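Tertiary structure, described
Next come the chains, spelled out residue by residue.
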Amino acid sequence: MNILRDKTVNQVESTVTWLNMLGRFGRLLFSLAIIGIGVEILICSYASSHSLGPHYKVVPVIPWLPAIPSLAYPVGAIFVLCGAALLFQRMLIVSSITLGALMVVCGLAFDVPRRPNLMSAEWRTNVLEPIAIGSLAWLAPGLDGIPGWLHRTSRYLLAFALIVFGIAHFQVLTFIASLVPGWIPWHRFWTVFLGVAFISAGVSFATGFLQRWAALGVGLMFALWTLTIHLPVLLNMLRTPGAPQDPDKWSDVFIVAALWGGFWALTRDLRDRKDLSLGADSNRA
């Protein structure tokens, strides 16, 4: 009995250690991506009236701010400060709540009035991506670090975003399949598979079941997209002499990396449905 108990304890300790390492890596990646978004906002808000050309009416990075320096500069600075503060435990709650609120408000205020069709590509990109990143920021402190209502709201917003992302894989299946690198076989199969995975993860966050596995799987999907699709495009652009520097390529890397890190950062703290109810009761107490 003692041997069996010791073996079980060792397995639990190994799992906890692995989750802690994954969570720390996810938090670091999420923080660096947010800092990158803030720096790009600051750079593009200056360059928008210079080298980017008059067709850039918005800063080409989440949360798609109008190219008005007096607005973009403070927002970019807040992103940089919040991203850096996420690395410090004593500043985690304030920075995560501030970052989440700014992401969600910017996504809703600047894009919802111009994008009424919630199933359009622009709505998914310009509105749901900042909302998803903002929700990940709110969830960063864990269940005991934020009010229960905010934790539930963040989960439901993530669930909605993931389900819409999954449906999009079927709406524009051919286009998304064309983004898969040529050396990977079965483009349409993987597009359908990942669409189903997105929807399943959304249902998981909505119901509270298997959330940790959902966060791990979704983070892995964004990790693969970062390393196989977005990062190679950016590196090729940088290696090509005289190639125009497209800010959207940088944005793609920062956004996907933030989603990758944000979901993996949750794997340490997410609980199953029965634990969520206990946590909610303790928060109310």
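Residues numbered from 1 in each chain as written. Predicted model: local features only at pLDDT ≥ 70, side-chain atom pairs only at ≥ 80, totals over all residues. Heavy atoms only, no water.

Between helix 7 (residues 187–207) and helix 8 (residues 211–239), the least distance of the axes is 9 Å, while the angle of their chain directions is 145 degrees. Of the two elements, helix 7 crosses helix 8, and the hand of that crossing is left-handed. Residues L194, A197, F198, A201, S204 and F205 of helix 7 touch helix 8, and the partners they reach there are Q211, A214, A215, V218, M221, F222 and W225. (Axes fitted to C-alpha atoms, helices over the stretch in contact; angles between N-to-C directions. Helix = DSSP H or I, 4+ residues; strand = E, 2+ residues; numbered from the N terminus. Left-handed = near helix turned anticlockwise from the far one by under 90°. Contact = heavy atoms within 4.5 Å.)

The next thing to look at is the packing of aromatic side chains. The final tally for this structure, using the stated rule, is 14 aromatic pairs. Ring centres of F189 and F193 lie 6.1 Å apart, and the angle between their planes is 25 degrees; this geometry places the pair in the stacked category. Placement of both F189 and F193 in helix 7 is noted, with a separation of four residues, approximately one turn of the helix. When the ring of W190 is compared with that of F193, the centres are 5.7 Å apart and the planes differ by 90 degrees; the resulting orientation is edge-to-face. (Phe/Tyr/Trp six-rings, centres within 6.5 Å; stacked < 30°, edge-to-face > 60°.)

This next bit is on the nonpolar core. The nonpolar side chains of soluble globular proteins are, as a tendency, buried together. Of all hydrophobic cores here, the largest spans 59 residues; its most connected members are F30, I41, L99, I133, F205, F222 and F263. Counting only elements with at least two residues in this core, the list comes to helix 1 (2–47), helix 2 (69–85), helix 3 (92–111), helix 4 (121–139), helix 5 (148–171), helix 7, helix 8 and helix 9 (247–266). Counting residues per element, this core draws most heavily on helix 9, which supplies 10 residues. The contact partners of I133, leaving out residues within four places of it in the chain, are F30, I34, I62, M103, I255, A258 and L259. (Core = buried A, V, L, I, M, F, W, Y, C linked by side-chain atoms within 4.5 Å. Buried < 20%, exposed > 50% of the residue type's maximum accessible area, 1.4 Å probe, protein only.)

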